Structure formats: C-alpha cells, structure tokens
Amino acid sequence: MIVGEQKPLDEIWGMIKDHKKVLIFGCNTCVAVCQQGGNKEAEVMASMLRMRATQEGNGIEIIDSGIERQCEHEFFEKTEPMIQGVDAVLSTACGIGVQFMAEKYEIPIYPGLNTTFLGAVEQAGVFTEKCQACGQCILGETGGICPIARCAKRVLNGPCGGSTQGKCEINKDIECAWQLIVDRLKLLNRMERYEELTPIKDWSTDRAGGPRKLVREDLVENE
Amino acid sequence: MNEKKNNVKRGSVLITGGGIGGMQAALDLADSGFKVHMIQKESSIGGTMAMLDKTFPTGDCSMCMISPKMVEVGRHPNIDIHTLSEVTAVEGVPGDFQVTVKEQPRYVSHELCTGCGACEKKCPKLVVNDFEQGLSKRKAIFSVLPQAVPHTRVIDPDACIYLQRGRCKACEKFCPTDAILFEDTEKEYRLDVGAIILSPGLARYNPEIRGELGFGRWSNVVTSIQFERILSASGPFMGEIKRPSDERHPRKVAWIQCVGSRDPRNANPWCSSVCCMYATKQAVIAKEHDGAIEPTVFYMEMRAFGKDFDKYVDRAKNQYGVTYRRAMVSDVRQEPGTDNLILRYAKEDGALVDESYDLVVLSIGFQPHPDALEFSHIFGIEPNLHRFAKTTQFDPVDTTRPGIYVTGTFQGPKDIPETVAQGSAVAGRSMALLGEARGTEITEVELPPELDVREEEARVGVFVCHCGINISQSVDVKKVAEDISREPGVAYSDDLMYACAPDGQEKIKELIKEHHLNRVIVASCTPRTHAPLFQDTIRDAGLNKYLFELADIREQCSWCHMGQKEVATRKATDIVRMNVAKTRLLQPVETDSIAVISKGMVIGGGIAGMTSALSLADQGYEVHLVEKEDQLGGLARNVYRTLDGSDVQSFVKDKIAQVKAHPRVVVHTGAEVSNTGGYIGNFKTTLTNGDEFEHGAIVVASGGVEYEPDEYGFKDSDQVITQRDLEKRIAEGLAGTGKHYAMIQCVGSREEPFNYCSRICCQDAVKNAIAIKEKDPAASVTIFYRDIRTYGLREDYYQKARDLGVLFVRFDVENKPDVDVTGSKIRIEAFDAVMNREVAFTADCLVLSTGLRPHPSTERISKQYKLTTNADGYFLEAHVKLRPVDFPSEGIYVAGLAHAPKNVDETVSQALAASGRAGALLSHDRLSVSGIISKHNRDMCMSCLMCMRLCPFGSPFIDEDGKISHNEVICTGCGICAGVCPAKAFQVNSFRDDQIFAMIDAATHDIGASV
C-alpha cells in the first residue's frame, strides 16, 4: 500500500491562497487507509482551509470532493464538471494521482500529501516501509526480509561494520536488516545460503533505467 | 398448612435498602422478570455512595456513576420503591414470605409533584442538613440531594412549621401543581414476596467518643464523610477546599486513620477495610483540587489489599507527594488564635512530636446501624458477635434464615465493588430459589402500533417547558416558542408549564394526534433523566421513540445565565433551533432482537467455577463446566481450613459431589476451549477433547497459581517451607513440641515486578500461627511482616494471635530479614524499629508466605475472547467499581482468582455474582438490541480495518468474504468506528453526520463567512 503524510497546513495554504476557487480532491484507496488523503480527510482539510481563509480575510472559495482512485481515467468522469469549474485542485492522492490529474487537466494540481513509502499497517496508526519497488525481487534468497528497503546502505552481502547488537548504526531504533536476515535464515535452517555471495545487482530495473513501464499485451485494447 | 405453603413460589423479591448493593440486586432481578419491592428508610435511594465525591483509582465522580443507576431503578417498570418505609414483621417460608411494611407520611404527592423546587425556595424553615453532614442547612420541605430518586419533595415533620405549630403552608401556596398533602398519614400494608434481600448499609462511628481527637470541640476537625462533602462540587463549598472555622484554604491537612476501628476499648475491634484507601483517595483528590495542599496520613498499617490498591498508594506517594506517617495521634489541640490544630504523636524512634496542621480529617470506620439487633430480630436472622448479619465462609450471602440473603456492609465492612458483586450474588441466590416463578408478577405494557412516518414530510412539534420558574425566570419561554414556530418543518410550537407532569404529557399526546406531528422536541431539562420519559410519551401516541429530541435549556442555559434574560432567551432559541434542524432529519429506528441460547459455560473447575456452575444450574440452566486438569477442585484442594476454622477439604469434596450429581451440569475435565465463536446469547465452543456445544453466557473462573519461591533458601532446605506446606503438616498433626516457627510475609509480593498484595498471606500466617499455638502452647511463632492486612472482621484473629503470644516483627522492604540456614537451625536477623536495633532469632522452621500469580492460561483465554488484563496479568473487569464481574464484551463474566487474589468467601461471593449476572442474561428468550447503534454501509466500506482495531467491543469483524461486517448485537453505539472510518461507512443512528452538520449550520446560521 502507498503511504502518504499530509503536508503542513501553512505549506498548503501557500500553494493555493492566490486562487479564487480551489477543489480539495480526495483519493479513497491507499491514502485513505492510512487516514491521510481519503475523501473524508479532504473534507476535513477543506474545512480547515476555509477557517484559514476566514482568519486571513481571503475570499477564496474552497470546495471538496473525491473519487475512488486518482490513478485511473474512468473514475474521474462523474467529477469532471466540478474540476472544470475551479481554477486549481489540491489533490490528497499520492504523487501518482497528482501527476495523473496534472496530465489530464490544464489547471494547477497541487499535492496535499508527501508520498512517503510503500508500507504495511503494523497496527492502527503505525505504518512501516517494506518495499522499494526495485524491480527484481530477491526476498526468496534473504528469508523474506528485503535488504534493499530495510538496510540503509542497501547492502547485498551484509551486515556492514555498523551493525551493533542487532541495530543499525544510523539509529539505534532501526533494526539491522542483515541481523534480521541471519536470524530468519537460522530459523528456517538455511544458513548455508548465507555463505553464498550475492552477485552485483542489476539496477537497471530500478530507477537507474529511467521511468518504468509495464505493458500486458493481452489486455491492451487495440484500436 | 405449612407443607402446602412450601410449594408456593412467588415471582417477587423484597429488598431493604436502596444503596448501591440493593440497587444492583434490584436491577439484576427486575431485568430478569422478577417484581422487586425496594424498601428505603430515607426519602431517596442512593445510600452512602451518593454522598461520596470521587472514587478511586479512576477518579470518576461518584454521583455521575450512581445517578444513572438511581434513575434506572426509579424508572424500571418491575421495581416499586417504597420510601420512608421500614419492615416491621416477616412471616412465612422461603418462596412465600408475608412482610409487613410501615410507611411514614411524605406529605407530598408522588403523582403530582414535578420536583420543580418552588416549595423549597419559599419554605421559611432552615434546619441542619444531614446529607451534607451538618456542614450546611436545608429547608423543612426538601430533597435529600438534587439527583434524588424519587424526585418528589418530602416534608420533615419535625421541622415543618405548619405540622408543628399549625400555621405557614407556604409550600402549599406556591406549589403550582397542588402536590402538598398535609393530611398524609402513616400507612401499614402487607407485601407477599418469594425472597428477601437485606442491604441496609452502614452506620459510621461517632468520633466524639474519642474526646482526645477533638471532634465536636475544634471546628477544623472533620470526619472523612464530611471531607467527602467538602471535596464535592455539589457540596457545601462547591468543591473548593475550605476549612469550616474560617473558610480559609487549608495548606497542611492531616488524616488520622483507624478512628473507631481496631480499637476494642473505645470503639470497634474490627478493621473497617476501606479507610486506608479512601484516605489515600481523599489526599490525592484534595491535592488535585488545590496543589498547595500538603497531605499527611497518620496510620497504623497500610491495608491496601485490593486489586491495584498498592499501586494507587505508590502513586499517591510518588506522584502526588502524600506523606504517610506510621504513628497514632494521641492528642489534638487547637492552637489559640489561629484555629490550627496541634497533633501530638510519637515518631518511629519514639521521640514525641507536636506538629501544627490547618485541618484534620478523622478516618471514621463503619459499624452496623444502632438498631441492627432489632433489625435482625424482625427478619428472624441471627447476628454475629459484632451485630453484623451472621454468614459463613462458604455461604457468604446467606443469612441463618433460608430465603433471606444479605449484601454489602451489613454482612461485614467492604468497599463498593464487593458490595456491588454481592448485590448480583444475592440476585443470583434469589433466582435459584424462585426460578420457575419468574415473570409471574410483572405486567407487560400494551403499546399502540407504530405509525409509519418514513415517507412523510417532517412535522415537528416543539414544547418549551417553563419548569415552574426554573427556566422561565431566565428565559422568555413564550418568545422561544414563537420564534421557533417560524422554523422550517415546525408544525406546532408552544410553551408548557411542566412538560413532565402527567397533564403535560397527556397534552403532548393529544397535540401529536391533533396536528399530525411526526417528530417531537421538548425543550426543558436534562436528557439524562427526562429523555426516556418523553420517548415513552410519544411512543404512547404511536410514534417511534427515536423520533424524539430533548433540547436542554435548563442546565445548559437558564441555570447558568441567571439574570441575563435577553441573552439566555437568544441562546435557548439557538439550542432549540439546532435541535429542530436535527429532528427534521430523524428517522424511526427499528430495534432488532436475537434469540438467546439458555445455557452457560464456566471455564475453570475450582471453587469459583463450581460455585458458578451450581448456581446457574440451580437457576434452571444447563451448564458446561470446563476444567483443564483431570479433577475438579483447583487450588482449594491444598487448603485445609479457613481463618475461622471452617473445613475447606470437606467443602471442596461436597462441591465436587454436587457438581457431578447435578442433572443440569455437564462436566468436561482434562479439556480446554480450543475454538470459540459467536457473541452474547449465542456462543459456540469446541473443546480440545472434541466436545462441541452452544451456549449464551460464559463465566471465566480460570483461577490463579501459587508462587513457588526461590527466596530465603527455600530451594535448599527442607526446613524452609511455604504456608501451604505448613497447613498440610498442621492438618496431619505437627511433630514435636516447643519448636520455634518463624514466618516471613510478602515473599514475592508487593515488590516489582509483582508489586501487588496477594491478600491471602497475612491470614494464612495468622491462621497457621493460631493453629500451632492452640495445638502446642509451648511452641513459639514469630511473624516478620510489612503490614498485617487482616481487614474487616478478620482483625479478630490478628488480635487472637497476639493474645496467644504470637510475636510480630515489622520490617521495611529496603531492609528485609537476613536468613542463614546451617544444619538444623535457622538464624534470622531483622531490624526492629521499636528497639531501634538489629534483633536475631533462631527458628526450627521458616515458613514463607508466598503470594498468588495469574494462571498461565490467562493470556490464552484473554486472546480467545478479546479480554484485557491489568499490569499484573489478572483479568480486567468492565468497571472497577460498578461492573466488578462483567467484562466489556457482553455475555462474559469473571470470578475468583482469575480476577485478582482473594479469599474463599470472597471467591464464593464473586462466583455467585457472576452467575447472577449470567442468569439474568439467560433468563431472556430474546435480547433486544439498542436503537442507538452504529450502522455499517458495506458498499462504502473499503475494509481498512480501523474500526475493527479500535472497537472496544469487537463488533466489526472480518466476515466470510474477507471483508468487514458489523455485528450490531454487541454494538453499544459509542461511535468510535464512525469517528475513525475514512470512508464514512459507519453512521450512528440519531447521531449521523448529516444530522450533526445540520445542527452546526443551524447554530451558525447568522454568522457570515466574512467574520
């Protein structure tokens, strides 16, 4: 799931305050689950911005709405007239939704969130990063613990010298991913795997190869 | 004739005393179909708890907790309250008693009085206010407390000028409903009931007897109950802490403990059980009210024996700076000129000190009412040595007369939760006695069919109440009604003198019909007491009761804006307007009901479990008793005698035989719950042995374990044993004579990480010490202790042990005894505070008083049923004061050591309470679901699981499709899910977002966007 975090209100206000009519637009999937950017959060944010406008004597008109997902064309259909009627949109979707909208509409689309990471919901209100979408999964070799997402150095043959009592040198609250991997391999009785060196990773499937694209030929509708 | 009578079972119960214990019993019985007659000597129910300011450890307001219960009792169709009444004679047999009741005149009509208080304002006579403990005055016509139930005023005939001297009648003149009845007379009548419950409550020691403490002589010496009133926001100083002499804020405040308790010469020999904790609570609350206060508690022994009590005392010390001084104050004198008090006491090293305090609080103890012996005589029950009702360790709520049960402080000193638990316990006992007569004496109310108004346009009727002059003196009631009549959707709007009076309610019903009103607002007082009343009114007129809203313009408007009529009127109009906006959007709520499987399951086959199972079975329900060991009996199998010498072994054997022989008890030994599903009324359980069954209620009585010590060389020497080992040796006949037994208390208890009192060990030590001395007077016993906690009537045995020559040596936790075991001799060195030096003893046997620990299965059971535990690992009840045997998850109850360490009699009481609560539930064929619940829209839901994670009751769950569904049966309508749901898929009936938004818009309608 994509995890996001609302930007400070001051920053948001700075982006939108010079417009006349702004739509606060929620995205009701990933960022709604983390209670940051769903349609309800958009409504709350709109309400706070209206209060801010009243306090500052700014006559800006702020409306709110939202759709199921801002990364698919079809969902936008119903709200099309509303979007056409404003001079800017504050999207509370992740960076994907903001860009997707920006490509669709010729008005400024501002981000309401900082898109934070791909993570899991450990418990209500606690989200942790688990994956960096590197494009070449090695979890099968590392006992199900990702050294790319969870080791600060992305070391493939760890741990490094900064691992102390199972913690990472950058912060004593962060688990050393390689300690976790070793513990896990022991548990699974697969320590022989640890002796094998992992070859240099092909980073071309990661960001190094430029923006990525996936095409499922069988699903693409040919015109 | 008597034989014939024996077969009669009446479906009614008489309860004498409407304190918290009596109310709990009344509600449990009335809710399960029994008629209850509540006999109350005073003009209102409530008892002692209604006088208290706060309760520990939560700091909850006592009145706020008890008042809803009082209202519930007052409104319950199956409960008749007979105030100003006493029982004068009891005849008959269990199941069929004839009770004579004498009722004093009230001089005010229950039917006509609306409780407006106009009479009280006009009454010219002032008398001392007993409820406020003499700290303020009241009128001759009065209400004991503002939240009195019934709220009918009462005339004090000894104070009334008219009744005494034949003139005045001011109350009659000013009563707007002609409710005054000067011609009212004493009445005597007979009630036929099946069982009797005694809950007359307590009297308090009169501290004037202890002249050296200065009560009654120095005005700044007050009793603890007076101090409760001083703390109370509704008390004489409105919650500001002032001392009586000059109403100055005291800085140094002293509490003197054991005034009237543990003192066979000047007062009562027993320990009152609760004073250590209430003094601690008062010190903490005083400090919270006024940070400048420096509290000091003078005490003999800190008896913080209950669940989480020691932690509370630690918090008082460390967080609130309460000083505890182990010293008895011998003299209190007033300092001339300052009204301060000089306390004389000896320090621990023996030095005599005079210290000045601004205020002194005497922690006075409990005792039976002065007429307790006569009371026992009337009911034909035996009193014990101390005039409390006589009971036994194994039947703690049964009096000596069958069919008459006792609860609360008349059975012995105890605190609120134990009183409440006994309230449920006596309800359970009565249900077991009268089971088949359930439902025979209650009347079902016939209601007209509900009109379907869902498709109709809203036609709101608004009734603005004067409440005598309570509202109309500050609010222009007619103007509010007129302004509101112009609001959209309002079909009728007018004022009423008393909406709640019988004629007011009739008028509302007529107007509903005449104007085809389909939604109703009454603008009056608090919804707490009056919303249910008006809901019934409109239901009588054929409207769904959820089409009603109450606009509070008294507590929230007229009372807080006295003398500001213009703004108060404007605010009242705003409040009503907001309610109109909401009411227009109200929809009828259909309340569902579910079938109840009338069987129980009890987890644990110890004393608690067996007692619960037998009680439920006697009430007529089939019970599955699940015990993981191969045999029943639990920890009690290792116990031989109770403190009073009762034979535990034969009690346990007897219980096991009864359980096995009972036709309605199914015993599953060697089995645990492996799989569980369902909810209140409908559980389905599979055991590890493959047995499967369905049931409606669960009692968790999974017990505890004894701590096995590794302290003081226990593991290395056969001469170092536990109290349990010693008990066995005593039972088998002690070997040798003239031996020295040393005992060390609190081994493994009251210290981190097990910082709680195990409650049973002091009594184990005293019990075994007495047994040794009685068997072999030549033997000597020395007990090393921190505080001897023989609370309540157990104090007698502490006294007895001392009389028999048992030696008690106190130690501090920082300076524990040193033990050295060499050969056959044990050398114990300890610091003796009295002699101020180390002392050494040589003993033949060292006995360790080891405490209790939670049962290892607690964690698994808590996961299975989503139950929480406290920091020490014992199950946490729904509310530490008022729901002591309930879990927050409905239909599951707790009893025995699973809840906390306790003695046999307390375990039995609690087990009976749990089965009383469970029985009340199982007595219903169907359970109706509340109307105010959260509704889940599955189409909008995206299963983010926030609701499921945060719901305290477990009502949202992951269903068979792998998505969130909502079990409305266990929803309480708290609204947490609606608050956290990012998709707004949850909406609480009558508190929907659109309704709340409409209210906000109505409140802000005249506030422009450009403010």
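Residues numbered from 1 in each chain as written. Chains lettered and ligands numbered in written order. Predicted model: local features only at pLDDT ≥ 70, side-chain atom pairs only at ≥ 80, totals over all residues.

**Observations regarding the overall build of chain B**
In terms of helices and strands, chain B carries 26 helices and 52 strands. Expected size for 1011 residues packed as a compact globule is a radius of gyration near 30 Å; at 31 Å, chain B falls within 12% of this value. Within chain B, buried positions represent 51% of all 1011 residues. For chain B, contacts bridging at least 24 residues in sequence account for 71% of all contacts bridging at least 6. (Helix = DSSP H or I, 4+ residues; strand = E, 2+ residues; numbered from the N terminus. Rg over C-alpha atoms; globule rule 2.2 N^0.38 Å. Buried ≥ 20, exposed ≤ 12 C-beta atoms within 10 Å, placed from the backbone. Contact = placed C-beta atoms within 7 Å.)

**With respect to the domain arrangement of chain A**
As assigned here, chain A comprises domain 1 (2–117) and domain 2 (135–195). Summarising the inter-unit geometry, the C-alpha centres of domain 1 of chain A and domain 2 of chain A are found 39 Å apart. (Domains from an automatic or database assignment.)

**Focus: the sheet that holds strand β21 (residues 352–357) of chain B**
Residue and element names in this part refer to chain B. Taken in spatial order, the three strands of this open sheet run β19-β20-β21, and their pairing is antiparallel. With one partner strand each, in any of the chains shown, β19 (329–334) and β21 form the two edges of the open sheet. Averaged over all pairs of adjacent strands, the angle between strand axes in this sheet comes to 25 degrees, irrespective of strand direction. Two elements, strand β20 (residues 341–346) and β21, share six bridges in a ladder whose sense is antiparallel. Bridge assignment links Ala346 to a residue of β21, and that residue is Leu352. (Pairing = 2+ DSSP bridges. Axes fitted to C-alpha atoms, helices over the stretch in contact; angles between N-to-C directions.)

**A few points about the packing of helix α2 (residues 20–31) of chain B against helix α11 (residues 416–434) of chain B**
Residues and elements named next belong to chain B. Running from amino to carboxyl end, α2 crosses α11 at an angle of 35 degrees, the nearest separation of the two axes being 8 Å. Helix-helix and strand crossings are classified by hand; for α2 and α11 the assignment is right-handed. Listed contacts from α11 to Ile20, Gly21, Gly22, Gln24, Ala25, Asp28 and Leu29 of α2 are Ile416, Thr419, Val420, Gln422, Gly423, Ser424, Val426, Ala427 and Ser430. Residue composition of the contact of α2 with α11, grouped by class: seven nonpolar, eight polar and one charged. (Left-handed = near helix turned anticlockwise from the far one by under 90°. Nonpolar A, V, L, I, M, F, W, Y, C, P; charged D, E, K, R; others polar.)

**Some details on the nonpolar core**
Residue and element names in this part refer to chain B. The biggest cluster of nonpolar side chains holds 152 residues, and the ones touching the most others in it are Ala26, Ala613, Val700, Leu846 and Tyr893. Counting residues per element, this core draws most heavily on helix α23 (residues 904–922), at ten residues. Not counting residues within four places of it along the chain, the set of residues in contact with Ala26 comprises Ile15, Val36, Met38, Val73 and Ile79. If you look at the next biggest cluster of nonpolar residues, it comprises 55 residues, including Ala279, Ala316, Leu341 and Leu362. (Core = buried A, V, L, I, M, F, W, Y, C linked by C-beta atoms within 7 Å.)

**Describing the pairing of strand β25 (residues 460–465) of chain B**
All names here are of chain B. The buried fraction of β25 is high, at six of six residues. Every second residue of β25 is oriented toward a common face, with Val460, Val462 and Val464 on one face and Gly461, Phe463 and Cys465 on the other, all of them buried. Pairing geometry for β25 and strand β26 (residues 490–496), over six bridges, is parallel. The partner of Cys465 across the bridge, within β26, is Leu496. As paired strands, β25 and strand β27 (residues 519–524) are joined by five bridges and run parallel to one another.

**Comments concerning the pairing of strand β44 (residues 837–843) of chain B**
Residues and elements named next belong to chain B. Pairing analysis gives seven bridges linking strand β43 (residues 825–832) to β44, with the strands arranged antiparallel. Opposite Ile826, over in β44, you have Ala843 as the bridge partner. The hairpin formed by β43 and β44 contains four residues between the paired strands, and Asn836 there has a positive phi angle of roughly 60 degrees.

**Considerations on the environment of Cys94 of chain A**
Residue and element names in this part refer to chain A. Along the chain, the position of Cys94 falls in the loop between β4 (88–91) and α5 (95–104). Along the backbone, Cys94 and Val215 are 121 residues apart, and their C-alpha atoms lie at a distance of 22 Å. If we skip the residues at most four places from it in the chain, Cys94 touches Ile2, Gly4, Cys30, Val31, Leu113 and Thr115.

**Focus: the interface of chain B and chain A**
Listed by partner, the interface residues are ten residues for chain B and ten residues for chain A. The residue inventory of the side of chain B that touches chain A, partitioned by class, reads eight nonpolar, no polar and two charged.

**Observations concerning helix α7 (residues 177–187) of chain A**
All names here are of chain A. For α7, every residue scored as buried is listed here: Ala177, Trp178, Leu180, Ile181 and Val182. Turning to α7, the residues buried within the fold contact α6 (147–150), β9 (171–175) and α8 (191–195). Note on α7: the residue one or two positions beyond its end, Asn189, has a positive phi of about 60 degrees.

**Comments concerning the sheet that holds strand β41 (residues 807–810) of chain B**
Across a sheet, paired strands are connected by hydrogen bonds in the backbone, their directions being either parallel or antiparallel. Residue and element names in this part refer to chain B. Strand order in this open sheet of five strands is β38-β45-β39-β40-β41, and the pairing throughout is parallel. Looking at strand neighbours, the two that pair on one side only are β38 (720–722) and β41, the edges of this open sheet. Neighbour-to-neighbour, the strand axes of this sheet turn through a mean angle of 25 degrees, independent of strand direction. As defined by bridge partners, strand β39 (residues 740–747) adjoins strand β45 (residues 845–850) across five bridges and the pair is classed as parallel. For Ala742, the partnering residue across the bridge sits in β45 and is Leu846.

**Digging into unusual backbone geometry**
The omega angle of the peptide bond from Gly158 of chain A to Pro159 of chain A is -5 degrees, so this bond is cis rather than trans. Here Pro159 of chain A is to be found in the loop between α6 and β8 (167–168). Geometrically, the link from Glu752 of chain B to Pro753 of chain B is a cis peptide bond, its omega value of 0 degrees lying close to zero. Inspection of the secondary structure puts Pro753 of chain B in the loop between β39 and α20 (761–775). Positioned with a positive phi, Asp178 of chain B is a non-glycine residue whose angle comes to about 50 degrees. Mapped onto the fold, Asp178 of chain B is located in the loop between α6 (170–174) and β12 (187–193). In this structure Asp178 of chain B comes out as exposed when scored by C-beta crowding, with 10 C-beta atoms within 10 Å.

**Overview of the packing of α2 of chain B against helix α3 (residues 62–75) of chain B**
All names here are of chain B. The N-to-C vectors of α2 and α3 enclose an angle of 45 degrees; their axes lie 10 Å apart at closest approach. As far as their axial angle goes, α3 and α2 are oblique. Viewed along their axes, α2 and α3 form a crossing whose handedness is left-handed. Of the residues in α3, those in contact with Ile20, Met23, Ala26 and Leu27 of α2 are Ile66, Lys69, Met70, Glu72 and Val73. (Parallel < 35°, antiparallel > 145°, perpendicular 65-115°, else oblique.)

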